[in-house]
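One-letter residues, chain by chain:
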Amino acid sequence: MPIIAASTVSVLALTLGLLAPSAAAEPTHEARSAPAPEAGLNELRMDDPSIDWREIVVDGDDVERRPAGAAYNVFGGFGSVSCNNTSNLLLDYKEENPRAYWKIMRLLFDPVDGAGLTHIKVELGSDSNSSSGAEPATKRSADEPANVLRGAGFHFIADALRINPDIEVEALRWGEPSWTGNDWTKRYQWYKETIDAAHDVFGVEFDWISPAQNEVRQATYQASELNWTVQFAKWLQRDAAAPDARYDYSRIKIVALDSYRDGNNVAGRILANPEALAHIDALGFHYDIVGGPNVTRLNKEYGLPILYSEGVAPMIDPQYRLAADPARGGVGGTVSAADIADRFINAYRWSGAGNDPAHMTTFLFQPAVSAMYEGTQYSPKHLIRASDPWSGYWEGDVGLVTVRHFHQFIGRGWEYIEGATGGDGTKGDGGTNVDTSTRTVLTARTPAGRKGAAQWTQVHANNTRTDRYFEVKVADLGRRGRPLHVWQTRGPDAGESYDANYFQNIGYHAPVRTEVIGGVEHDVYRVRVPAYSIITLSTLPRGVHGTTAEYRPGDFAPRARDEILTLPYRDNFEYDDYPTTVVGGRRMSYLERRAGTPRYTADQDGAFEVVASGDRRHRHVLQQQNHADNRGYLWNVWGDGRQNVPSTAAPSTVLGDHRWADYTATIDFRLDLVDRDTTLANFAGLGVRQVYARGGDQATYATRVHEDGRWELRKLDTVVASGTVATFDARAWHTLSVEARGNVITATLDGDRLTSYVDTSVNPVLAGRVALVSGYYNTRYDNLAVTPIKGHAWKSEKLDDADARIAYPDGFSFHQVGFAHFNRTQHVLATGQSLALDFTGTGLNLFGATAPATLEVRIDNQAPRTEQVGSVGTRQTSYWLRGLPQRHHSITVRVLSGTFTLDGIDVVGRGARVR
């Protein structure tokens, strides 16, 4: 038998009786022989006498049960939150690359071959930005029929249910349409008509509703939202008996209050309200692993399940983690795969919670699929990234593996074995801090009384630098002496691909002896959990479905290449060449089934939809649907908490590829001259080089044209040139163009140049998408065109600072940073440190927020040049180079003085050939 070498491990004293030194055990006996496992698997044995074994006792009867015998807490698993416009681009994947779309959906929701997510929560939108964009409102007025074809959320639910009809679905609001005026009767009308429309169009029946505002804060608002939640539940029960009831609404379970942390306070409010106790079915809160005495009472006295109702997925792709932080193998670190597994386990029982753990049994990823443009607020944090619908390219990675470690081996409804579930470590932001824990383990069994042999599974998460060694001592779980099959995810060995050791069936553990504990004989298994890894042990050799297969490197890689959206790109918003399809039993055109959602757009504020114009020259146009009287209320929980604050951010939508470099964007527009509120500016705008969510114009450079003929060229929302067109006719259609040629931005209106602005600052932005911006008016747009400029490169390749092609021969400091930075990574170079890159192209941009520095730049074998870099903001260009011949080049950048921070590099291609 192979012997796995092991080093001595020193482990701190452990709490809660979960783990205890094995010295307290009673006399031991040799184990009986184990049944033979599958052919070809190795028995994993550890015979090093220096190992300091720690104990985990797995008692099959150690399940907390209600008096009638049912377990208080059963495994709910993982799900997805689709909100904030994070799923919008899935509509385009489904149209442009349906094979890629269904692959993504199966990877997320197929319980046999995919991650098997079991819960979907969607946002009831209000056309207001609720963090990563604006989810469209289903009703923009009291009289409008609810339209669930808007946005991706209800499509997402319907298609997931086609894959697995047992998925539970839920809805929750962030903001609110202003026509409700926060009046409960009108708000209920919005909810109820949307619930019915989801059934009428997609056949969806909701399992859950969270009536309160997402993450509602402050005592006054929480009290009001709890009362509203109770009233909502009463009205829903009343309407279940109505003649027009689509289904039995009384079966819809109510979640409260989806708070940001604050779970114990919310639980206290529910306990103090008898009607709330009678109508609320679950407690949900976000980004926390601490419960409290009120949470315990709700869970144990009243039987409410506790939900981790919004959490994050791994935030940095392992290939970047591995390059920047190799000691952790790409699997460990803050918000890594091991961290997410650790959060889920500690959310059930964390030692720091003492006698009142959170007992959370369900964890919802926000989002599971990031179908939004790279650079959108809070991206990346996903299981799958899907930002390129034109090519069908997507990226799935270790987050899917993380879920499989649980879902493939623990069935829904399995019972938690209390003394063998929980973790420790110091508390961090939503979980525990890296390298602070000594154990994190979840153990679950098939429900007692279920027919067939009892089965059980144990999942370990180790997000520390130290290997862990456990003696797992098992009793009262069916047939004795069974092998435990071992599935492991860890980082690569030297020379392997970054994903070489994902989800591998590395062998089995047989009992090494038996041991009597408390008069009961236990099988004893010896288990090693490597540093920065996830381990699943199970009596089920191939999972709950009998089909679990090992991950093969590249399993989550798409067939499509990551190709840039080709220029020229044009959209006249007609879409006549798309076929009709059947939705909800009715044949629909492209525009009907998408409720006017234009191709490839991502609304950040407001609502941009295609409508029929009644004008033969502009048959269908893109119209901004929000005006002074129907703009949504803000999601304002992080402000003063008021729920009746109208949105004020300029409506905007973005489109295209963040790798576009030099190009001309053109749009026809017509202003809406109905002045419902003269204090609101009336304008149409077009911007270029949008790279991340930043409010205002979204794009770095944008031109706005107002109804009185005033125009502005703006950089980062600051006016850099302005004027007035004396003969401007606000009633007519106009053509606006913005050309980005290197650092020269030229704005043109109806063929006449307004201005050319040369950006001589230290912080230009030299690549990015286009953006449309509007006032709160029904501004109309048509004939969008994005075209290359002759002789100038229109495309680039974007490299992350942690890309393996970039070398740092003199060392670096790696920073894991926020969403605004490319892939949440930065490399910081001190004086004397350098970076080197071999590339093929005609130029490049170094970008990212940095302090001033003096650089020595050497291209190929030329003499080095000294360059001064100024203070530069997020995603802005610190150093750029053009004019190289199109061939292979080498660049070395050395810091002579100061500190230089790199977020990424744009490698610019050859000049365009334009006829």
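For every chain, the first residue of the written sequence is number 1, and numbering continues from 1 onward in sequence order. Per-residue local features of the predicted model are confined to residues with pLDDT of at least 70, and side-chain atom pairs are confined, for both listing and counting, to 80 or more; whole-chain, interface and lining totals are unaffected and use all residues. Derived side-chain values reflect all non-hydrogen atoms in the structure, with water molecules and hydrogen atoms excluded from consideration.

Caption draft 1: Looking closely at the nonpolar core. To define a nonpolar core, start from buried Ala, Val, Leu, Ile, Met, Phe, Trp, Tyr and Cys residues and group those joined through side-chain atoms within 4.5 Å. Between buried and exposed lies partly exposed: a residue is buried under 20% and exposed over 50% of the maximum accessible area for its type, with that area taken using a 1.4 Å probe on protein chains only. Ranked by size, the top nonpolar core spans 177 residues in total, and within it L108 and F206 carry the most contacts. Here the element with the most residues in this core is helix α2 (residues 98–109); it accounts for eight residues. By the convention used here, residues are in contact when the closest approach between their heavy atoms is within 4.5 Å. Setting aside anything within four residues of it in sequence, one finds F206 in contact with F154, I157, V169, E170, A171, I195, A198, Y247 and I252. The helix and strand labels rest on DSSP assignments: H or I over at least four residues marks a helix, E over at least two residues marks a strand, and numbering proceeds from the N terminus.

Caption draft 2: Structural context of the pairing of strand β9 (residues 282–286). With five of five residues buried, β9 is to be regarded as a mostly interior element. Because side chains alternate across β9, one face comprises the buried residues A282, G284 and H286, and the other comprises L283 and F285, equally buried. Here, strands pair whenever DSSP counts at least two bridges between them. In this structure, strand β8 (residues 253–260) lies alongside β9, joined through five bridges in parallel fashion. By the bridge assignment for β9, Y260 is matched with H286.

Caption draft 3: Structural view of the sheet that holds strand β6 (residues 168–173). Sheet architecture is closed into a barrel: eight strands sit in the order β4-β5-β6-β7-β8-β9-β10-β11, paired in parallel fashion. For this sheet the average axis-to-axis angle between neighbouring strands, irrespective of direction, equals 25°. Looking at chain direction, β9 and strand β10 (residues 306–311) are connected through four bridges and run parallel. Looking across to β10, one finds that F285 is bridged to Y308. The axes are straight lines fitted to the C-alpha atoms, using for helices just the contacting stretch, and the angles between their N-to-C directions are given from 0 to 180°.

Caption draft 4: Expanded view of the pattern of salt bridges. The term salt bridge refers to a pairing of a side-chain nitrogen on Lys or Arg with a carboxyl oxygen on Asp or Glu at a separation within 4 Å. Applying the stated criterion to the full structure yields 74 salt bridges. A salt bridge links R875 to E374; its shortest N-O distance comes to 3.0 Å. With R875 in the loop between β48 (865–869) and β49 (877–881) and E374 in the loop between β12 (369–370) and β13 (384–388), the pair connects residues that are 501 residues apart, well separated along the chain. Comparing R875 with E374, the two get one shared label, buried. The partner of D810 in a salt bridge is R894, with the nearest N and O atoms 3.0 Å apart. You can see D810 sitting in the loop between β42 (796–800) and β43 (813–816) and its partner R894 sitting in strand β50 (residues 887–898), a full 84 residues away along the chain.

Caption draft 5: Inspection of a positive patch on the surface at higher detail. A patch consists of residues whose relative accessible area exceeds 30% and which take part in no salt bridge; residues with like charges are grouped when within 9 Å of each other, and nonpolar side chains (Val, Leu, Ile, Met, Phe, Trp, Tyr) when within 5 Å. Shrake-Rupley sampling with a 1.4 Å probe provides the accessible areas, and residues are treated as covered by the protein chains on show and by no other component. We count Lys and Arg on the positive side and Asp and Glu on the negative side, and we leave His and both chain ends out. Taken as the charge location is NZ of Lys, CZ of Arg, CG of Asp or CD of Glu. On the surface, a cluster of positive charge is contributed by R99, K103, R106 and R559. Of note, R106 is situated in helix α2. By relative accessible area, R106 is classed as partly exposed at 39%.

Caption draft 6: Molecular detail of the sheet that holds β13. Strand order in this open sheet of three strands is β12-β13-β14, and the pairing throughout is mixed. In this open sheet, the two strands that pair with only one neighbour each are β12 and β14 (393–396). The pairing of β13 with β14 spans three bridges and is antiparallel. When the bridges of β14 are listed, R385 appears paired with E395.

Caption draft 7: Structural context of the packing of helix α3 (residues 153–163) against helix α4 (residues 184–202). Relative to each other, α3 and α4 sit at 50°, their axes nearing to 11 Å. Comparing their axes, α4 and α3 come out oblique. Where α3 crosses over α4, the handedness of that crossing is right-handed. Within the contact between the two elements, α3 uses F154, H155 and A158 and α4 uses T194, A198 and F202. Between 65 and 115 degrees an angle is taken as roughly perpendicular, under 35 as roughly parallel, over 145 as roughly antiparallel, and anywhere else as oblique. The crossing is said to be left-handed when, going from far helix to near helix, the turn is anticlockwise and less than a right angle, and right-handed when the turn is clockwise.

Caption draft 8: Seen up close, the side chain of E609. Relative to the helices and strands, E609 resides in strand β29 (residues 608–615). Note on E609: relative accessible area 7%, which makes it buried. The contacts of E609, once residues within four sequence positions are left out, are R140, R150, A595, G596, P598, V621, L622, Q623 and Q625.

Caption draft 9: The arrangement of the packing of α4 against helix α5 (residues 219–239) in detail. Orientation of α4 relative to α5, taken along the N-to-C sense of each, is 50°, at an axis distance of 11 Å. With respect to each other, α4 and α5 are oriented oblique. Between α4 and α5 the crossing geometry is right-handed. Facing W184, T185, R187, Y188, Y191, K192 and I195 of α4, the residues of α5 in contact are S224, E225, N227, W228, Q231, F232, W235, L236, R238 and D239. Ten residue types, Ala, Val, Leu, Ile, Met, Phe, Trp, Tyr, Cys and Pro, are classed as nonpolar, four, Asp, Glu, Lys and Arg, as charged, and the remainder, Gly among them, as polar. Here the contact of α4 with α5 is composed, by residue class, of eight nonpolar, four polar and five charged.

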